[in-house]
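A look at the structure
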Amino acid sequence: MGRAGDRRQGNSLVAVSDAAKPPSCQKKALPGERKLPISDLTVYFLGYAGGAIFLTDADGANNTIGFYVFDPKTGQKRFTDTTKLDSKFARVANDNGTLKLGYIRGLTGPCSVVTDGADCWSKIAQQSGYTGPAPDCVAGYKQAAESFAADACKAQGGDQKKCLAEQLARRADWDKAPSVIAFDVITAIAADNSATVTPTGTPAQCWPSD
């Protein structure tokens, strides 16, 4: 699925054939133009695939970002979910009217698995629908802190060893931040827009929220 020109302000669509030249943008409505109900969203156009229009939030949070699926015939939203930031759809296919998507789902939990343990993981598993083993959040948090510190120190320059120690010390409380998990799913969106999100069974990732 390719990414087309990013437009925050546009909220309408016009269907054209593959051979037709795309019409120029103008204030006056074009023949066949249909507005999408996204006045409450700030989004970018992500692409068109499987007979559906894909939009994505302009900004992400906690290393995740939301996406939206619209029906170009009716202009109505069919589905919305959140993916891991900078990940790509592994699959977009229309199977006899059922839209099937493969992607890395990213969700922010209500608590920290690192500090709250198994009780927190149970809440996140129930919220997300993930049924696999709990990820190593301790390692995930450690990696996130070290990566953040390394990037900050690289930008600052100077004594890197001292900088890293200072940056990590500042993030000593990051273990208390709510846990974010990501895992592969296959989502099937039926013609009536009912959706089934099924984890594929691959191991989940875990990191702290911002």
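Each value, and the rule that gives it
- Sequence order as written defines residue numbering, which begins from 1 separately in each chain.
- Totals for whole chains, interfaces and linings use every residue, but because this is a predicted model, local features are given only for residues with pLDDT of at least 70 and side-chain atom pairs only at 80 or more, for both listing and counting.
- Hydrogens and water molecules were not included; the side-chain quantities draw on all heavy atoms of the structure.
- Counted as salt bridges are all cases of a side-chain nitrogen of Lys or Arg within 4 Å of a carboxyl oxygen of Asp or Glu.
- Buried residues are those whose accessible area, probed at 1.4 Å on protein chains only, stays under 20% of the maximum for their type, while exposed residues exceed 50% and partly exposed ones sit between those limits.
- In DSSP terms, a helix is any run of H or I states spanning at least four residues, a strand is any run of E spanning at least two, and both are numbered starting from the N terminus.
- In short, DSSP must find at least two bridges between two strands for them to pair.

1. Examining the pattern of salt bridges
According to the stated counting rule, one finds 3 salt bridges in the structure shown. Between Lys100 and Asp95 there is a salt bridge whose closest N-O contact spans 3.2 Å. Overall, the relative accessible area of 34% leaves Asp95 in the partly exposed class. In this structure, Glu146 engages Lys142 in a salt bridge whose closest nitrogen and oxygen atoms are separated by 2.6 Å. Of this pair, Glu146 and Lys142 both sit in helix α2 (residues 137-156), 4 residues apart, which is roughly one turn of the helix. Glu146 gets classed as partly exposed once you look at its relative accessible area, which sits at 37%.

2. Some thoughts on the pairing of strand β7 (residues 91-95)
Here 5 bridges tie β7 to strand β8 (residues 98-108), and the two strands are oriented antiparallel to one another. Looking at β8, one finds that Val92 is bridged to Leu101. The antiparallel hairpin formed by β7 and β8 contains 2 residues in its connecting segment, where Asn96 sits at a positive phi of about 55°.

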